Structures are given as C-alpha cells and as structure tokens.
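# Commentary on secondary and tertiary structure
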Amino acid sequence: MILVTGAGGAVGSALLGTLRDAGQPVRAAYHAQRDVDRAVAAGLDAVRIDLGEPATLPAALRGVDVVFLVSAMGPDQTRHELNLIEAATAAGVSRVVKLSVWRADEELTPIGRLHRPAEVALQASGLRWTFLRPNFYMQNFSRQFAASIRTTGRFAQPRADTPISFVDVRDIARAASHVLTTDGHDGRVHALTGPEALTYDQAAEVLSRVLDRPVRFVGLSDDEARAAMLERGLPAYHADALIEVSRAYRNGGAETVTTAVRDLTGREPTTFEQFARDHRAAFL
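Residues numbered from 1 in each chain as written. Predicted model: local features only at pLDDT ≥ 70, side-chain atom pairs only at ≥ 80, totals over all residues. Heavy atoms only, no water.

### Topic: the overall build of the protein
To keep it simple, the criterion reads: Helix and strand definitions here come from DSSP, where helices need a minimum of 4 consecutive H or I residues and strands a minimum of 2 consecutive E residues; each element is numbered from the N-terminal end. Radius of gyration: over C-alpha atoms. The globule rule applied is 2.2 Å multiplied by the number of residues raised to the 0.38 power. Each residue gets one of three labels from its accessible area relative to the maximum for its type: buried under 20%, exposed over 50%, partly exposed in between, using a 1.4 Å probe on protein chains only. Should any heavy atoms of two residues lie within 4.5 Å, those residues are considered in contact. We treat Lys and Arg as the positive residues and Asp and Glu as the negative residues; His and chain ends play no part in the count. Note on charges: their place is set at NZ of Lys, CZ of Arg, CG of Asp or CD of Glu.
Looking only at helices and strands, one finds 12 helices and 9 strands in the protein. At 19 Å, the protein has a C-alpha radius of gyration in line with the 19 Å of a compact globule built from 284 residues. Dimensions of the protein, computed from the C-alpha atoms along their principal axes, are close to 55 × 35 × 35 Å. Counting the 284 residues in the protein, one finds 50% classified as buried. Pairs at least 24 apart in sequence give 75% of the contacts found in the protein among residues at least 6 apart. With 32 positive and 34 negative side-chain charges, the protein shows a spacing of 3 Å between the two charge centroids.

Here it is, written out as structure tokens:
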C-alpha cells in the first residue's frame, strides 16, 4: 500500500491519478475532512491527517509499505515532515519518497532550508529513501499567472533574465509513480526538469504564440514584487521566501536541464509549449 500525503495538492493529486490508472493500491491523505469525504464518495481509500498532530498519523500508516511525503510550505513544514518520518519509522514503513525542492542540499533559500532537515532525518532514519527535487513548476503559470494574463495580457515576477528549466507537474507525478512502484531508487536523488530552459520573456513569447495574442513579462523590483504579493493576500512569510528564491535563481543554476524525467518514465518531458497548449483554456 502506498500512502500519498498532500493528495489535494498539485503534485499529490496528479500522482494519485497516475497510481490509480496503473492499478496500484493507494491511500490518499488529506488535511481537510471535506476532501476525504469527496474522495471516499468517489471510491478512494482516503484518510484525514494533520502532520502537526502526530496522533492522526498511525491510523493513516496502518498497512502502508511506501510513503510519498509532501507537505505545505510554511514555517511549520520541517516539524510536520519530521513528525511523519518518526511515525513512519514506528509503523514499520519500509520506504519514503520525499518531494523536495531544487538544490535543497545547498540550502540557498528559505524553502530549501525547510526541506533539508527532513532529507537529513530520512538519511539517518534507517528507512529506505529517495528524494525528488523538481525545478519551478510550469503549473505556476496556469495557477498563479493565468488571471493576470487573461485580463491584462501580462504577468509579473521579480526582475530576472536568467533561464529556468520549468518542469510539468504531470511529469513529476509520472516520475514519482515510477519511483514508488519499482526498485533501484534507494539512496538516490533525482533532480527533475523540463527539456529546455527559458527566460520569463521567452515563456511570454511561447504563450503569445499559443494564445494568438500578445503576452508580456513585467519584471518588478523585489520591493515591488513583495508589495504585489501581499496585496494579493499572500502571507508575509511566503512572500519573503519567494523573493529569496527569485534572488537565488537570478544568480544562475536554475537553467540546468537533466534527463531524469526521461530516464525514470521512458518518455520525453513536456515542453513549455505543449504545457501551454494543454492548459490554453486557463489563459483565455
């Protein structure tokens, strides 16, 4: 049995569908009871867990062999993931596949520094482990930037002209499914990227072509970007973390393209243009 934490998130929900399509025994773990109720009504094995409440974890882990570990980014993330690792060890889980973040071992950003202690704990736990470290999600465009693109024909981010090897969440899910259901991944770290690295300006050019109308990237100063994030209702902690991620990307290193998606899934990773075509309706 595979337990998928964060089953309501972008990666978790995509992974859940991939595993179900493959006929794998899977249990979906959600934070909100309403999501559990919907999943159960749809015929899923689903449970409610709160990673901040260790007492909710043993029942979810009963009969589980492998855990896919992902949790919400925030100041309590590290503690939450350590709770799950401790509970998985006590429950006799054999393996944990952790969704981490690009270059987490370098601890360049607050987000990397949230993930790294859980990686270190897994390495010392005696559990078999695998880390997946994806780069910037393509789906951030369709989730975070789409409304602005629809209404103004532009999207704004902290000013940057360095390329990023954006990766499609669907490819992350396919890679995770392979790692969860096959052997040979213990003690390995897979850095997941798309097949190319693009600047935000180049991404705007792709979107313009796919949508058949102009789309423009607007580079903001860090202060302008932070103010815009806060105006949209993003908590200050998250805004500050994202600004620091942008600064790290600005210094280079996000342009690296790996073959991990192809190596794990046997198929070419999704191009940004194909992603844009598949999600075209979100931008119109």
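Once the structure has been displayed, the description carries forward.
### Quick notes on the sheet that holds strand β2 (residues 26-30)
Quick reminder of the rule: Strand pairing is defined by DSSP finding a minimum of two bridges between the two strands. The angle between two axes is taken between their N-to-C directions and runs from 0 to 180 degrees, where each axis is a line fitted to C-alpha atoms and a helix contributes only its stretch in contact.
A sheet is described by the order of its strands in space; here 7 strands give the open sequence β3-β2-β1-β4-β5-β6-β8, paired in parallel fashion. Every interior strand has two partners, whereas the edge strands, β3 (45-48) and β8 (188-192), have only one. Taken over all neighbouring pairs, the strand axes of this sheet differ in orientation by 20° on average, direction set aside. Bridge analysis of strand β1 (residues 2-4) against β2 gives 3 bridges, and the strand direction is parallel. Within β2, the residue paired with V4 across the bridge is A28. Where helix α1 (residues 10-21) meets the sheet, its contacts fall on β1, β2, β4 (66-69) and β5 (95-99), and the angle it forms with β2 comes to roughly 160°. Each of β1, β4, β5, β6 (128-134) and β8 touches helix α7 (residues 169-181); the most contacted strand, β5, lies at about 165° to it.

### Brief notes about the pattern of salt bridges
Here is the rule: For salt bridges, the criterion is a side-chain nitrogen of Lys or Arg within 4 Å of an Asp or Glu carboxyl oxygen.
Under the defined criterion, the tally for this structure stands at 20 salt bridges. Residues R209 and E273 are paired through a salt bridge, measuring 2.9 Å at the closest nitrogen-oxygen approach. Residue R209 is located in helix α8 (residues 200-211), and its partner E273 is located in helix α12 (residues 272-278); the two are separated by 64 residues in the primary sequence. E273 sits in the partly exposed class, given a relative accessible area of 24%. The salt bridge involving R250 is made with D222; its shortest N-O contact spans 2.8 Å. Pair noted here: R250 is in helix α10 (residues 236-250) and D222 is in helix α9 (residues 222-231), with a separation of 28 residues, a long-range link. Relative accessible area serves as the criterion here: at 30%, R250 is assigned to the partly exposed category.

Any functional reading would require information beyond the geometric quantities listed.
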